[in-house]
Amino acid sequence: MEKDKEKKVVTLAYGCQMSERDAETLTQITRQEGYTSSDDLLNADLVIINTCCVRESAENKILGKIGELKKLKEKNPNLKIAISGCMVQQPGALERLQKRAPHIDIWAGTHNLHDFSALLHQVEQGGKVAEVWQEPKMPLESTPQAEKGKLQANVNIMYGCNNFCSYCIVPHVRGRERSRKPEEIIQEITDLVSSGCREVTLLGQNVNSYGKEFSPVYDFADLLHDVDQIPNLLRIRFITSHPKDLSDKLIETVAGGNKLCEHFHLPIQSGSNFILERMNRKYTREYYLSRVNKIHEILPKASLTTDIIVGFPGESEIDFEQTLEIMNMIHYSHAFTFMYSKRSGTLAAEMEDQISLDVKKRRLQRLMSVQNVKSLAWREQMIGNTYEILVEGPSRTNPERLVGRTRGNELVVFNGPSELIGSLLNIRITEAGTWTLVGDIED
Ligand code: SAM
Ligand code: SF4
């Protein structure tokens, strides 16, 4: 009897590391259903797009991709297409999307990923399916764990967000905060390490509020301390730290750890107290600066990165100047900079004093030029010093060379044999650019 043709799945993720992690979950589920991962869209049997709706630009990109897939489906009517994640979960979005893209076979919300095989079975029998629960009803441990056998893995430690920053759609599409049990997380990481993983990134929208619902008390610093004890793991990263919940205990735990990387991604969003209050960030610029000072006091060599939004409703030139001022004060190694994007259903979308696109563009340009100078200066002061690097693989731009990251998450390119991939090395920095460093292996 002729063997069944191997089924191929292409999974595309848009947005943050959580979206990437969800896309990985979906790929794993399809693997259990007999699919092999591929990046060849022309020969795919199933295409999954895990979506993002944090900014309109992400949504437009995804809508463009969904349009492209229509042509692919016209050529290959057997192709199945699934759209999942945040964009589908927005209130009222499903009907709108279904009308706009009738060629899609599966629509799945953020709370329906665990059940993807059932949805797949339904469309394989013929027909279309949409499943978007308003609340997470599945147990926390019901989705597959991070993929085994890779050097680096993203591990969810919690889901959802309770902060309701006034610009942000995330709490509306990912639900309230739920923390996984520490023993489940530690077991998952131990299994990953047995399969060859050497670096984990612990993921949460606000990792600093991990475990708030636990009794007896067990917080994020306790979790970091325990993950640090796992043998043969080389590095632990975490993202994202909300400044309002960054405790001294956490900074001290990072300082006292062995594998805990001295890098804090601490989004400031704005340097103006007026705007921070309208954003519902629940800290002032003075409090933020006091947290940065605390980090530098305990960990003088820690790297800091941030997120900043320009053109939030009501942002005056003076407010924006205050953001520039703070960018000049703090030595961020990198900043993710965004123009405010109106998200329907959020408080900020209803604010009257929206800023014009021209002003937003101009402010973004100014902010980026300030940060580029700062990023370069940060890397230049690293020249001549030696840093520990975890070797990740060949450089994308020059496969003859290797790349790795410092504990501070700075990318370093250097010459060396591929056998070094997966090991820790000391590299002396010889050159610096805005985004990358170049170095030599130290004897
Ligand atoms: N939970 C993280 C935190 O609190 O920093 C980040 C979540 S969000 C996916 C990543 C970044 O997107 C935010 O830090 C913010 O700078 C930006 N962002 C969120 N909503 C936005 C909006 N409506 N317009 C522009 N940028 C936005
Ligand atoms: Fe969005 Fe604020 Fe939650 Fe981050 S902390 S996900 S910015 S609401």
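Residues numbered from 1 in each chain as written. Chains lettered and ligands numbered in written order. Predicted model: local features only at pLDDT ≥ 70, side-chain atom pairs only at ≥ 80, totals over all residues. Heavy atoms only, no water.

(A) Representation of the site of ligand 2. Around ligand 2 sit Cys161, Asn163, Phe164, Cys165, Tyr167, Cys168, Val170, Pro171, Gln205, His242 and Arg281, and those are all the residues in its vicinity. The residue inventory of the shell around ligand 2, partitioned by class, reads 7 nonpolar, 3 polar and 1 charged. (Near = heavy atom within 4 Å. Nonpolar A, V, L, I, M, F, W, Y, C, P; charged D, E, K, R; others polar.)

(B) Representation of the sheet that holds strand β12 (residues 263-265) in the model. Strand order in this open sheet of 3 strands is β12-β13-β14, and the pairing throughout is parallel. Two strands lie at the open edges of the sheet, namely β12 and β14 (334-339), each paired on one side alone. The mean inter-strand angle of the sheet, taken between neighbouring strand axes irrespective of direction, is 10°. Relative to strand β13 (residues 303-310), β12 runs parallel, the two being bridged by 3 bridges. Bridging across to β13, Phe264 finds its partner in Leu304. The sheet contacts of helix α13 (residues 357-380) involve β13 and β14, and relative to β14 the element is tilted by about 175°. (Pairing = 2+ DSSP bridges. Helix = DSSP H or I, 4+ residues; strand = E, 2+ residues; numbered from the N terminus. Axes fitted to C-alpha atoms, helices over the stretch in contact; angles between N-to-C directions. Contact = heavy atoms within 4.5 Å.)

(C) Main features of the site of ligand 1. If you check the shell around ligand 1, you find 15 residues, and the closest are Arg55, Gln205, Gln269, Asp307 and Ser341. A distance of 3.0 Å separates a nitrogen atom of ligand 1 from a polar backbone atom of Tyr167. Between ligand 1 and the protein, one listed contact pairs a nitrogen atom with a backbone N or O atom of Gln205 at 2.8 Å. Here ligand 1 has 560 Å² of accessible area as a free molecule, and 92% of this is covered by the chains. Of all elements in the fold, only β13 and β14 reach the threshold of two or more residues within the shell around ligand 1. By residue class, the composition of the shell around ligand 1 is 7 nonpolar, 4 polar and 4 charged. (Polar contact = N/O pair within 3.5 Å; in protein donor to acceptor, adjacent residues only side chain to side chain. Areas by Shrake-Rupley, 256 points an atom, 1.4 Å probe, with all protein chains shown as cover.)

(D) Region of the structure containing the side chain of Ser375. Positionally, Ser375 belongs in helix α13. In this structure Ser375 touches Tyr332, Ser333, His334 and Thr434, once residues within four positions along its chain are discounted.

(E) Molecular detail of the state of the cysteines. All told, the structure shown has 0 disulfides when counted by the stated rule. The cysteine Cys16 is free of any disulfide, with Cys52 supplying the nearest cysteine sulfur at 6.4 Å. You can see Cys261 has no disulfide; the closest cysteine sulfur is in Cys197, sitting 12 Å from it. Given a relative accessible area of 1%, Cys261 falls into the buried group. (Disulfide = S-S within 2.5 Å. Buried < 20%, exposed > 50% of the residue type's maximum accessible area, 1.4 Å probe, protein only.)

(F) Molecular detail of helix α5 (residues 116-124). For α5, every residue scored as buried is listed here: Phe116, Ser117, Leu119, Leu120 and Val123. End-on, the buried residues of α5 take up no more than an arc of 160°, which puts them together on one face. Just downstream of α5 lies Gly126, where phi reads positive at about 110°. (Arc of directions from axis to C-beta.)

(G) Just the packing of helix α7 (residues 182-194) against helix α8 (residues 220-227), in detail. Direction vectors running N to C along α7 and α8 enclose 30°, while the axes themselves pass 11 Å from each other. As the angle between them shows, α7 and α8 are arranged roughly parallel. Every pair of crossing elements has a handedness; the one defined by α7 and α8 is right-handed. On α8, the residues touching Pro182, Ile185, Ile186 and Ile189 of α7 are Leu223, Asp226 and Val227. When the residues that make up the contact of α7 with α8 are grouped by side-chain class, the tally is 6 nonpolar, no polar and 1 charged. (Parallel < 35°, antiparallel > 145°, perpendicular 65-115°, else oblique. Left-handed = near helix turned anticlockwise from the far one by under 90°.)

(H) Region of the structure containing the packing of aromatic side chains. Using the criterion set out here, one finds 6 aromatic pairs in the structure. Centroid distance Phe220 to Phe238: 5.4 Å. Interplanar angle 70°. Geometry classified as edge-to-face. With Phe220 in helix α8 and Phe238 in strand β11 (residues 235-239), this residue pair connects regions lying 18 residues apart in the sequence. Here Phe220 and Phe238 have matching classes, each one buried. On the basis of an interplanar angle of 40° and a centroid distance of 6.0 Å, the ring pair of Tyr283 and Tyr288 is categorised as tilted. Its relative accessible area of 0% is what places Tyr288 among the buried residues. Here a set of aromatic residues connected by ring pairs shows up, and it is made of Tyr167, Phe312 and Tyr340. Taking NZ or CZ as reference, Arg55 lies 3.7 Å from the ring centre of Phe338, over its face. (Phe/Tyr/Trp six-rings, centres within 6.5 Å; stacked < 30°, edge-to-face > 60°. Lys NZ or Arg CZ within 6 Å of the ring centre and 35° of its normal.)

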